[in-house]
Amino acid sequence: MTRAETLSIALPALVVLALIIAPLGLDPYGYTLRILCLMLLFCAMGQAWNIVGGLANQISLGHAAYFGIGAYSSTILFGSFGLSPLIGVFVGMFLAAFFALVLSLPTLRLKGHYFALATLAAGEVARVVANSWTSLTGGPVGISVPYRPDAGFWALQFQTVLPNYYLFLGAMVLVSLVFWRVQTSAFGYRLRAIKENETAAEVIGVNTYRVKLHASLLSAVLTAMLGTLYAQFQFFFDPDTIFGVATISVKMALIVILGGAGRLYGPWIGAAVIIPLEEMANSYLGNSIAGLSQFAYGVLLIVVILLNPRGLISLFESLRDRLKRRQRA
């Protein structure tokens, strides 16, 4: 085994080990642990988006639809029929896959900003439907997850935040493993061929439409699963939040783009920067001028993307290469 291969195995294992140890000294009810939970959750969400947006360069701005479908499906089944979210999550994944199939049939033939606008419109349609279907979703008032602490893991509800942290960590590892498996398979090579030149990929025999469809379905299923975990963690949500373009869809894309699109570690780095940065901006600037925290947060992101559009991971790699050249010199 080469040094590079050893490093590729050891590095993620060390990161996961550090994440396992990290919360042990923190308050199990504390705010810091909640931020870490959100960081892991959005890292997993970014990794799910990375399958289509990073590997195939299909910039989707409608992933909030899959996320919301997963959250609403498990919550409605849990509240109305007492069905565990462990079962309801599969219903949400199925419905998200069906929605992705219906959406993909006409939109996957679109390219560039046309595809992005089409997915953005689909996400907005889901939000409008959820706001209007008051009898099912609660409409603009929102919906609450029934609190049943006696059910424990069966209801994915715990006395402290710590079990949620490890649940989100497991989800992040699972989605990252799925991404890694896709990235290193023949399927991943086909996706990257589409990213580089879709016409050339078709010439060499790649069924680009079918490959993109399979990637979209896989990404939708994973995103819906994470929507269920988010619902059980927050206990309350409304259509404008769960189907939000800025709060869900754009944030997923930004996490990947900032960290490094198409790379395994891209969402890890992006989530580790964006989620704490967003929380700090809200904490220190949120009570001053209205919208100042979002403005500062947006400016920082624009600066980083302009300085290095390939993401922070490529910046780290450039610094590493410079150090190696200096050592050789």
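Residues numbered from 1 in each chain as written. Predicted model: local features only at pLDDT ≥ 70, side-chain atom pairs only at ≥ 80, totals over all residues. Heavy atoms only, no water.

Enquirer: Whenever I open this one, the packing of helix H3 (residues 63-81) against helix H12 (residues 245-259) confuses me. Can you help?
Expert: Viewed as axis vectors pointing N to C, H3 and H12 meet at an angle of 120°, and their least axial separation amounts to 8 Å. One way to sum up the angle between H3 and H12 is to call them oblique. Where H3 crosses over H12, the handedness of that crossing is right-handed. Contact residues: H3 offers His63, Ala64 and Phe67, while H12 offers Ile248, Ser249 and Met252. Taken together, the residues of the contact of H3 with H12 break down into 4 nonpolar, 2 polar and no charged. (Axes fitted to C-alpha atoms, helices over the stretch in contact; angles between N-to-C directions. Helix = DSSP H or I, 4+ residues; strand = E, 2+ residues; numbered from the N terminus. Parallel < 35°, antiparallel > 145°, perpendicular 65-115°, else oblique. Left-handed = near helix turned anticlockwise from the far one by under 90°. Contact = heavy atoms within 4.5 Å. Nonpolar A, V, L, I, M, F, W, Y, C, P; charged D, E, K, R; others polar.)

Enquirer: For this particular structure, what's the right way to read the side chain of glutamine 157?
Expert: Looking at where glutamine 157 falls in the secondary structure, it is placed in the loop between strand S1 (143-144) and helix H7 (162-183). Looking at glutamine 157, the relative accessible area reads 2%, which means it is buried. At 2.6 Å, the side chain of glutamine 157 forms a polar contact with the backbone oxygen of proline 146. Within the structure, the side chain of glutamine 157 is placed 2.6 Å from the backbone nitrogen of arginine 148, a separation counted as a polar contact. Dropping the residues within four chain positions of it, glutamine 157 is found in contact with Phe78, Val145, Pro146, Tyr147, Arg148, Pro149, Gly152, Gln232 and Phe235. (Buried < 20%, exposed > 50% of the residue type's maximum accessible area, 1.4 Å probe, protein only. Polar contact = N/O pair within 3.5 Å; in protein donor to acceptor, adjacent residues only side chain to side chain.)

Enquirer: Sorry if this is basic, but what is going on with the environment of serine 73 here?
Expert: Examined against the element boundaries, serine 73 turns out to sit in helix H3. Accessibility expressed as a relative area gives 11% for serine 73, which makes it buried. For the pair formed by serine 73 and leucine 95, sequence separation is 22 residues and the distance between their alpha carbons is 8.3 Å. Not counting the four nearest positions on each side in its chain, serine 73 is found in contact with Gly92 and Leu95.

Enquirer: In this structure, what is going on with helix H15 (residues 312-328)? I would like to understand it.
Expert: The α-helix advances 3.6 residues per turn, and as a result positions three or four apart in sequence lie on the same side. Under the 1.5 Å per step criterion, the end-to-end length of H15 is 25 Å for 17 residues, consistent within 8% with the ideal 24 Å. Those residues of H15 that sit buried are Leu312, Ile313 and Ser314. (Expected span 1.5 Å × (residues − 1).)

Enquirer: Got a minute to help me understand a nonpolar patch on the surface in this structure?
Expert: Among the surface-exposed residues, Leu14, Leu17, Ile20, Ile21 and Leu24 lie close enough to one another that they form a single nonpolar patch of about 490 Å² accessible area. Within the fold, leucine 17 resides in helix H1 (residues 3-21). With a relative accessible area of 45%, leucine 17 lands in the partly exposed category. (Patch = residues over 30% accessible without salt bridge, like charges linked within 9 Å, V, L, I, M, F, W, Y side chains within 5 Å. Areas by Shrake-Rupley, 256 points an atom, 1.4 Å probe, with all protein chains shown as cover. Salt bridge = Lys/Arg side-chain N within 4 Å of Asp/Glu carboxyl O.)

Enquirer: I keep staring at a positive patch on the surface and nothing clicks. Help me out?
Expert: Residues Arg322, Lys324, Arg325, Arg326 and Arg328 make up a contiguous surface patch of positive charge. Position of arginine 325 among the secondary structure elements: in helix H15. (Lys, Arg positive; Asp, Glu negative; His and termini not counted. Charge placed at Lys NZ, Arg CZ, Asp CG, Glu CD.)

Enquirer: Would you explain the pattern of salt bridges in this entry?
Expert: Oppositely charged side chains can form a pair if their charged atoms are brought close together. Enumeration according to the criterion identifies 4 salt bridges in this entry. Of the charged contacts, one joins aspartate 240 and arginine 127 as a salt bridge, the two residues approaching to 2.9 Å between their closest N and O atoms. Taken together, the positions of aspartate 240 in helix H11 (residues 239-242) and arginine 127 in helix H5 (residues 113-132) put the pair 113 residues apart, joining distant regions of the chain. Here glutamate 278 makes a salt bridge to lysine 251, at a shortest N to O gap of 2.9 Å. Of this pair, glutamate 278 sits in helix H13 (residues 266-285) while lysine 251 sits in helix H12, and the two are 27 residues apart along the sequence. Across this residue pair, the class does not change: glutamate 278 and lysine 251 are buried. Taken together, the shared-partner salt bridges connect Glu124, Arg127 and Asp240 into one network.

Take it as geometry only, folks, not as evidence of what the structure does.
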